[in-house]
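Close look at the chain arrangement
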Amino acid sequence: MIWIVGNKGMLGTACESLFKKSNVNFVGTDEEIDITSLPALRSYAADNINEKLDWIINCAAYTAVDKAEKEEALAMKINGQGAGNLAEVAAAHRAKLIHISTDYVYDGTKKGAYRESDPVNPVNVYGRTKLAGESLVREKCREHIILRTAWLYGKNGKNFVYTMIRLLNERDKINVVDDQWGSPTYTKDLASCILHIIKKNSRKYGVYHFSNEGRITWFDLAYKIMELGREMGIVRKETTISPVTTDESPTPAKRPANSVLSKEKIKRELGIPIRDWEEALIEFLDHEK
């Protein structure tokens with residue numbers, strides 16, 4: 001039995017959809033079960049999971065990066081304590097835990113792609129709370145896999161792709177940051193990665209990186225969304241996108257300048273296939289037509 005925690009979120013819904021198609025036996029919960037309450041999690045597991053619990057997938061998180069600067073206690077409670085609680089429940093049931101983390105645990109100063117062994121140094125509250133969650137997962141559940149991902153987009157959630165489509169249909173001019181580098185990640189592909197791990201019943205525990213392949217800026221991504229959107233009829237307005245620097249477009253939370261993640265470890269150790277970001281984006285937008 002698989003337990004998807006946060007099944008109504010962007011990644012959780014992608015996992016749920018894929019698991020149904022793949023005939024995977026699972027249950028899903030969202031905000032009706034408070035992950036910051038260990039008794040609530042224990043009670044749900046005892047009352048609703050009658051079969052052997054094999055995996056818990058933690059897709060739940062506080063993800064409002066800028067808002068977290070003013071709500072650190074709440075973000076820490078969900079991203080830190082909540083993750084620790086799920087790890088404790090997993091350990092008690094002798095289940096394995098897949099925990100979703102973020103590129104924001106890094107400070108973005110490295111020139112090349114980040115490897116799992118590189119030093120962590122988050123530059124904002126969100127990153128610090130996610131790092132705290134990682135630490136508690138390691139402490140409380142030996143059989144864990146932490147997946148650090150980046151620039152996530154998909155159905156059923158707020159994300160950069162949907163925001164750009166909306167702005168491109170509303171505005172004549174848009175400014176987009178062109179000095180922050182990363183790799184977009186389609187939720188469908190991350191969900192496929194999770195399913196691959198579960199089906200393989202991998203015992204190669206630890207931290208892994210997963211995003212789609214390629215290295216681009218937010219401006220690159222916005223421009224490609226505009227090009228593809230026009231071809232597919234999703235973007236129906238003529239809009240000018242201009243590149244700007246991070247200093248010219250400040251946000252409450254500092255962002256790492258480099259969020260590119262190396263996927264060599266997950267490909268080597270777990271045999272996970274990874275496609276290019278543009279191929280994934282085309283498929284996503286094609287479904288939005």
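Our subject is the structure that appears above.
Below is a summary of the structure that appears in this document. (Residues numbered from 1 in each chain as written. Predicted model: local features only at pLDDT ≥ 70, side-chain atom pairs only at ≥ 80, totals over all residues. Heavy atoms only, no water.)

1. Thoughts on the state of the cysteines
In protein structure, a disulfide is the covalent linkage between the sulfur atoms of two cysteines. This model, assessed by the stated rule, comprises 0 disulfides. Its sulfur unpaired, Cys-193 is 9.6 Å from the next cysteine sulfur, which belongs to Cys-15. Accessibility expressed as a relative area gives 1% for Cys-193, which makes it buried. (Disulfide = S-S within 2.5 Å. Buried < 20%, exposed > 50% of the residue type's maximum accessible area, 1.4 Å probe, protein only.)

2. Considering the sheet that holds strand β4 (residues 96-102)
Spatial strand order, β2-β1-β3-β4-β5-β10: 6 strands in an open sheet with parallel pairing. Looking at which strands have only one partner, the edges of the open sheet turn out to be β2 (26-29) and β10 (206-209). Neighbour-to-neighbour, the strand axes of this sheet turn through a mean angle of 20°, independent of strand direction. (Pairing = 2+ DSSP bridges. Helix = DSSP H or I, 4+ residues; strand = E, 2+ residues; numbered from the N terminus. Axes fitted to C-alpha atoms, helices over the stretch in contact; angles between N-to-C directions.)

3. Looking at helix α1 (residues 10-21)
Here α1 spans 17 Å end to end across 12 residues, near enough to the 16 Å set by a 1.5 Å rise per residue. Counted residue by residue, α1 has 9 buried out of 12 residues, so it is predominantly covered. Within α1 the residues assigned to the buried category are Met-10, Leu-11, Gly-12, Thr-13, Ala-14, Cys-15, Glu-16, Leu-18 and Phe-19. On its buried face, α1 is in contact with β1 (2-5), β2, β3 (55-58), β4, β6 (152-153) and α6 (187-200). The first or second residue beyond α1 is Asn-23, which carries a positive phi of 55°. (Expected span 1.5 Å × (residues − 1). Contact = heavy atoms within 4.5 Å.)

4. Examining the side chain of Asn-258
Following the sequence through the fold, Asn-258 ends up in the loop between β12 (240-244) and α8 (264-270). The exposure class assigned to Asn-258 is buried, which follows from its relative accessible area of 5%.

Purely spatial values, then, with no claim about function.
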